[in-house]
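Residue-level structure breakdown
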Amino acid sequence: MSKLILVSGSTSDLAQNTILKLNKSKVRFVLLYRNKSKLKNLLNELVDPILIKINDKNTSTYSNLEKTLLAKNLQINSFLYFDGIHSFEPLRNISDSNLNESFNVNVFNFVRIMKLITKNNLSKSLYSSVVVSSVASLKGNKGVSVYGASKSSLNQFVRSFALELSPRNIRVNSIILGHINTGMGKKTTQFLNKDQMKNLENQHPLGFGHPNDLYNAISFLIDKNKSKWITGTNLVVDGGYLI
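Please read all numbers here as calculations on a predicted model, not as lab measurements. (Residues numbered from 1 in each chain as written. Predicted model: local features only at pLDDT ≥ 70, side-chain atom pairs only at ≥ 80, totals over all residues. Heavy atoms only, no water.)

**Regarding the packing of helix H1 (residues 13-22) against helix H7 (residues 211-221)**
- Look at H1 against H7: their axes get within 9 Å of each other, and the N-to-C directions meet at 55 degrees. Of the possible angle classes, the one that applies to H1 and H7 is oblique. Here the hand of the crossing between H1 and H7 comes out right-handed. Here Leu14, Asn17, Thr18, Lys21 and Leu22 of H1 lie close against H7, whose contacting residues are Pro211, Asn212, Leu214, Tyr215, Ile218 and Ser219.
- Grouping the constituent residues of the contact of H1 with H7 by class yields six nonpolar, four polar and one charged. (Axes fitted to C-alpha atoms, helices over the stretch in contact; angles between N-to-C directions. Helix = DSSP H or I, 4+ residues; strand = E, 2+ residues; numbered from the N terminus. Parallel < 35°, antiparallel > 145°, perpendicular 65-115°, else oblique. Left-handed = near helix turned anticlockwise from the far one by under 90°. Contact = heavy atoms within 4.5 Å. Nonpolar A, V, L, I, M, F, W, Y, C, P; charged D, E, K, R; others polar.)

**Notes on the sheet that holds strand E7 (residues 234-237)**
- With parallel pairing, the seven strands of this open sheet are ordered in space as E3-E2-E1-E4-E5-E6-E7. A single partner strand is all that each edge strand has here, and the edge strands are strand E3 (50-53) and E7. Taken over all neighbouring pairs, the strand axes of this sheet differ in orientation by 20 degrees on average, direction set aside.
- Relative to strand E4 (residues 78-81), strand E1 (residues 3-8) runs parallel, the two sharing four bridges. Across the sheet, leucine 6 pairs through a bridge with phenylalanine 79, a residue of E4.
- Of the strands in this sheet, E1, strand E2 (27-33), E4 and strand E6 (171-177) touch H1, which is tilted by about 165 degrees from E2. (Pairing = 2+ DSSP bridges.)

**Description of the side chain of asparagine 17**
- Mapped onto the elements of the fold, asparagine 17 is located in helix H1.
- By relative accessible area, asparagine 17 is classed as buried at 19%.
- Ignoring any residue separated from it by four or fewer positions in sequence, one finds asparagine 17 in contact with Pro211, Asn212 and Tyr215. (Buried < 20%, exposed > 50% of the residue type's maximum accessible area, 1.4 Å probe, protein only.)

**Regarding the environment of leucine 6**
- Considering the arrangement of structural elements, one finds leucine 6 in strand E1.
- Beyond its immediate sequence surroundings of up to four residues, leucine 6 is in contact with Val30, Leu32, Leu65, Ile76, Ser78, Phe79, Leu80, Ile113 and Ile117.

**Let's talk about H7**
- Every buried residue of H7 is accounted for by Pro211, Leu214, Tyr215, Ala217, Ile218 and Leu221. Seen end-on, H7 carries its buried residues on one side only, within an arc spanning 165 degrees.
- Residues of H7 that are buried make contact with H1, E4, strand E5 (128-134), E6 and E7. (Arc of directions from axis to C-beta.)

**A closer look at the pattern of salt bridges**
- Following the criterion strictly, the structure yields five salt bridges and no others.
- Between aspartate 83 and arginine 34 there is a salt bridge; the shortest N-O distance is 2.7 Å. With a gap of 49 residues between them, aspartate 83 in the loop between E4 and helix H4 (96-117) and arginine 34 in the loop between E2 and helix H2 (40-43) connect regions that are remote in the sequence.
- Residue class for aspartate 83 comes out buried when judged on its relative accessible area of 4%. (Salt bridge = Lys/Arg side-chain N within 4 Å of Asp/Glu carboxyl O.)

**Details of the packing of H4 against helix H5 (residues 145-165)**
- At their nearest, the axes of H4 and H5 sit 9 Å apart, and the two run at 15 degrees to each other. As the angle between them shows, H4 and H5 are arranged roughly parallel. Handedness of the H4/H5 crossing: right-handed. On H5, the residues touching Asn98, Leu99, Ser102, Phe103, Asn106, Val107, Phe110, Val111 and Met114 of H4 are Val146, Tyr147, Ala149, Ser150, Ser153, Leu154, Phe157, Val158, Phe161 and Leu165.
- Of the residues in the contact of H4 with H5, the class split is 14 nonpolar, five polar and no charged.

**Some thoughts on the nonpolar core**
- By size, the foremost hydrophobic cluster in this structure holds 29 residues, and its most contacted members are Leu6, Val30, Leu65, Phe110, Ile113 and Ile117.
- Ignoring sequence-local partners within four residues, the contact set of leucine 65 consists of Leu6, Val30, Leu32, Ile52, Ile113, Leu116 and Ile117. (Core = buried A, V, L, I, M, F, W, Y, C linked by side-chain atoms within 4.5 Å.)

**Overview of the packing of aromatic side chains**
- In the structure shown here, the tally under the stated rule is six aromatic pairs.
- Residues phenylalanine 103 and phenylalanine 108 carry aromatic rings whose centres are separated by 6.2 Å and whose planes lie at 40 degrees to one another, so their mutual orientation is tilted.
- Seen from their ring centres, phenylalanine 157 and phenylalanine 161 are 5.4 Å apart, and the 40 degrees between their planes marks the pair as tilted. Placement of the pair is phenylalanine 157 and phenylalanine 161 together in helix H5, with a separation of four residues, close to one helical turn.
- The buried category is assigned to phenylalanine 161, whose relative accessible area is 15%.
- When the ring centre of tyrosine 241 is taken as origin, the NZ or CZ atom of lysine 139, which lies over that ring, is 4.4 Å away. (Phe/Tyr/Trp six-rings, centres within 6.5 Å; stacked < 30°, edge-to-face > 60°. Lys NZ or Arg CZ within 6 Å of the ring centre and 35° of its normal.)

Structure below.
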């Protein structure tokens, strides 16, 4: 019987790399998406994925996830949360809309989904949830206060949910990710010049990461046997950035 993995933020480059790697084993996916056109190449590689469109401005769309799972009598085994908005805003430019958007996508949607999939009638087979967080959650830096604060909040939800769900053997962990020059990480070049990017790379003793570094951590944390005694952990995968 194949595992069923729910992926939020499935259109991101890092998510799609992970999905394709996991697809080599017996896995079926439920993909939450905002822009279906970004899934075009991925869908060509998957067998019978379940697609559910999400609208951040209408949180009731998350009820479609519950309706679909119940209608198809599906039970999620693992949940991966890749969603994230990264903005570079100095203090003088921080606005309410910036705060609301960042926390809604980076934090609140995770809570909404966790609340839904841990209902008794949907969580009988759920054993692992993994969130992609950031080194910005543990280390301050100029212009990333909103992003860092949102990811730090995410880490705390992970720890609290891990305790709350442990009696049901549902593990919850996050990955504190360093810079990977792909997807959202690649957009950093829009804000930093070549010298600044080189300085950022030098802050990672092992250099910038590769998408497979994230995949390896995720595959470990959702493995029912290899990581069965790990929960509430903020696993650092950062090439030494936080040393």
